[in-house]
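Structural description and commentary
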Amino acid sequence: MQRFIYLFIGLPLILALSNCGEKSNKLSHDALQKEVQDWLDTYNLTWQKYLIDAAEMQWLVNTYIVEGDTITSRKAEEAEEVMARFTGSKENIEHAKDYLKQKDKLTQLQVKQLETILYMAGNSPETAGDVVKERIKAETAQTSKLFGFTFKIKGKEVTTNDIDRILRESNNLNERLTAWKASKEVGPGLKEGLINLQRLRNQCVQALDYPDFFTYQASDYGYSSDELMQVCHNMIQDVWPLYRELHTWARYTLAEKYKQPVPDMLPAHWLPNRWGQEWADMITVDGINLDDSLKTKTAEWIVKEAEKFYVSLGFDQLPASFYEKSSLYPLPANADHKKNNHASAWHMDNDKDVRSLMSIEPNTNWWETTLHELGHIYYYITYSNPDVPIILRGGANRAYHEAMGSLMGLASMQKPFLQHLGLVPKDVQTNDTLLMLREALNYIVLIPWSAGVMTEFEYDLYAKQLPQEQFNQRWWELVKKYQGIVPPENRDETYCDAATKTHINDDPAQYYDYAMSNVLLFQFHLYISKHILNQSPTATNYYGNKDIGDFLKKLMKPGASVNWEKHLQQTIGEGMSAQGMVSYFDPLMTWLKKQNQGRTYTLPEKPF
């Protein structure tokens, strides 16, 4: 699963505005709306200026990491401090609150902006004083430490791509164990930083009366923390019967592969992903071997082909600046710096400057990832229109953004689509059940990890003030409970395995976005297959269909200017539900039950 940078980070200068207290209470509707609009216009332009400054520095921090360089990180901190002083300024907060007291006199779009201004202020309120500055410094240091880390196997420096390749391809359990352990070595050095961030993030939002940072993040959906946890539990409950079948199948399949006794729980190093968050690389479907087709291509070809796909749907070509300013490919071996290797899409100015940070290689994983990241890029471009104010240029909710990216990742791996592009032969014979299994090992397997492990760990971390001496213990308790995975060796509190996941450090307390996005993407995909393509949802070809492009633009164009639940209902005629995802995999469920006849199930029938 890929992450995109969602720069609603705070950034200072107080708007010089009129006294709006008692004076505005006496204004007519029209006069009040004009005063508010003038204030909002000034706020949007000022916010954008600071966004650009901060985004440019964060881009440098993530794309040009030099050991021992403290100047760049300090400049990044300063840019964010400036924006934080602006978004969190007492004057701006008071203006927004005062205007909202008369929201019945304002337009819906004005109210939405004022509420967004207060939400952004919650992460960096001036009343928190030096805590905000300290938090920004701590976050920058944590990012630099995470992505400046030198991974090694047997004393030799390796990249995360190298580690991932071993976990995808090696049948040697000793080699796999060594690679898995190497991937966790970054954790101990991040523990003190995480302890510090736990305190600082909570203190920042508490200054605006949020009880904790997790609750603050949940409020962006209109949920309390308890409501959000229930939404997550509901998603897990919906997919649990299928996940339980997949878990049983995986235990027996991998035991046979590695010639080992069948374990009760899956050893973490047996799986093809460092965190066990998706298992699709467990299987290769005969006839669908993109690595063979793509090894003759270049990384540049993958990006251009992905762009052609979006253009075929009716989107514009990417701006030239995308290629000029992005960092799309691995650094050369002799590079004098490092970069963040986690794929992400960036909206630098909430307008025309869109970029992506990737390390593309010509293989199946990067093919799907590139389609995914460009989904974010085209979402940015589509909602950057005059009807959407700058501060509302985001997803209808955060999960919408991931849903757009993941939807295109799903579409990019379906057989008719691949045949259309000539990446698999027209007459290819495939086992369609295994194709569906591969999809489930991606999309279903992600739900207990994202809505369960990641979400509950960060809920405990912030809302329950998880003690530092329980970080690793709690992490592995949750991994076992929700994923049925156990570590291959004792992992005591000298480790901090949660912090090896980038989101814990630099995209905190919102990983449930990915679970929601998987639910939404299947709702979108089923709508497209049924109402636009009239094709089986398991065998679609989006390529060249302008009606699909129009549907996607309808989803994308309003950005965050609309209520996400109403927007979903109006667009596809239903609310958010995992039932669409479950129904998609009904044929696979039948197949898995037959495969698992006579086998021992070790996960409970119900997760709660």
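These numbers were taken from a predicted model, which means no experiment stands behind them.

**Overview of unusual backbone geometry**
In the Ramachandran plot, Lys154 falls in the positive-phi region, its phi being about 55 degrees despite a non-glycine side chain. With respect to the secondary-structure elements, Lys154 resides in the loop between strand 1 (151-153) and strand 2 (156-158). Located in the positive-phi region is Asn350, a residue other than glycine, with phi close to 55 degrees.

**Let's talk about the packing of helix 16 (residues 398-411) against helix 22 (residues 546-556)**
Each packed pair of helices is defined by two parameters, the angle between the axes and the distance between the axes. Where helix 16 contacts helix 22, the two axes come as close as 11 Å, and the packing angle between them is 160 degrees. Judged by the angle between their axes, helix 16 and helix 22 are roughly antiparallel. Here helix 16 and helix 22 pass one another in a crossing that is left-handed. Contacts between helix 16 and helix 22 pair Tyr400, Met404, Leu407 and Met408 from the former with Leu552, Leu555 and Met556 from the latter. Broken down by class, the residue content of the contact of helix 16 with helix 22 amounts to seven nonpolar, no polar and no charged.

**Looking at the environment of Met282**
Within the secondary structure layout, Met282 lies in the loop between strand 3 (266-267) and helix 12 (290-294). Of the residues examined, Met282 reaches a relative accessible area of 13% and is grouped as buried. A C-alpha to C-alpha distance of 8.3 Å links Met282 and Leu441, two positions 159 residues apart in sequence. Setting aside residues up to four positions removed in sequence, Met282 forms contacts with Trp249, Ala250, Thr253, Leu254, Pro272 and Leu441.

**Describing the side chain of Glu245**
Topologically, Glu245 is positioned in helix 11 (residues 225-258). No salt bridge forms around the buried Glu245; measuring N to O, its nearest opposite-charge neighbour Arg244 is 5.2 Å away. Those residues within four positions of Glu245 in sequence are excluded, and the remaining contacts are Met589, Leu592, Lys593, Asn596 and Tyr601.

**Quick look at the confidence of the model for the chain**
On average, residues of the chain score 93 in pLDDT, and 96% of them reach the 70 mark or higher. Taken together, the stretch residues 1-19 has pLDDT below 50 and engages in 99 contacts with residues farther than four places along the chain or on a different chain.

**Considering the pairing of strand 5 (residues 354-357)**
Note on strand geometry: in a regular strand, side chains alternate between the two faces of the sheet. Side-chain alternation along strand 5 places Val354 and Ser356 on one buried face and Arg355 and Leu357 on a second face that is also buried. Where strand 4 (residues 344-347) lies against strand 5, four bridges are found, and the strand directions are antiparallel. Bridge pairing links Ala345 to Ser356 in strand 5. Here strand 4 folds back onto strand 5 in antiparallel fashion, the turn holding six residues, of which Asn350 has a positive phi close to 55 degrees.

**Some remarks on the pattern of salt bridges**
A complete count under the given rule lists 30 salt bridges for this structure. Lys295 is paired through a salt bridge with Asp292; the nearest N and O atoms lie 3.8 Å apart. For Lys295, a relative accessible area of 59% corresponds to the exposed category. For Asp292, a relative accessible area of 43% gives the class partly exposed. Residues Lys304 and Glu307 are paired through a salt bridge, measuring 4.0 Å at the closest nitrogen-oxygen approach. Pair noted here: Lys304 and Glu307 are both in helix 13 (residues 299-312), with a separation of three residues, about one helical turn. Residue Glu307 is classed as buried on the basis of its relative accessible area, which comes to 6%. Each of Glu56, Lys325, Asp353 and Arg355 takes part in one network of salt bridges that share partners.

**Points about the side chain of Thr72**
Mapped onto the elements, Thr72 comes out in helix 3 (residues 71-87). When its relative accessible area of 15% is taken as the criterion, Thr72 is described as buried. Of note is the side chain of Thr72, whose polar atom sits 2.6 Å from the side chain of Asp69. If we ignore the near neighbours within four places in the chain, the residues touching Thr72 are Met57, Leu60 and Val61.

Calculation criteria
Residues numbered from 1 in each chain as written. Predicted model: local features only at pLDDT ≥ 70, side-chain atom pairs only at ≥ 80, totals over all residues. Heavy atoms only, no water. Helix = DSSP H or I, 4+ residues; strand = E, 2+ residues; numbered from the N terminus. Axes fitted to C-alpha atoms, helices over the stretch in contact; angles between N-to-C directions. Parallel < 35°, antiparallel > 145°, perpendicular 65-115°, else oblique. Left-handed = near helix turned anticlockwise from the far one by under 90°. Contact = heavy atoms within 4.5 Å. Nonpolar A, V, L, I, M, F, W, Y, C, P; charged D, E, K, R; others polar. Buried < 20%, exposed > 50% of the residue type's maximum accessible area, 1.4 Å probe, protein only. Lys, Arg positive; Asp, Glu negative; His and termini not counted. Salt bridge = Lys/Arg side-chain N within 4 Å of Asp/Glu carboxyl O. pLDDT = per-residue confidence, 0-100. Pairing = 2+ DSSP bridges. Polar contact = N/O pair within 3.5 Å; in protein donor to acceptor, adjacent residues only side chain to side chain.

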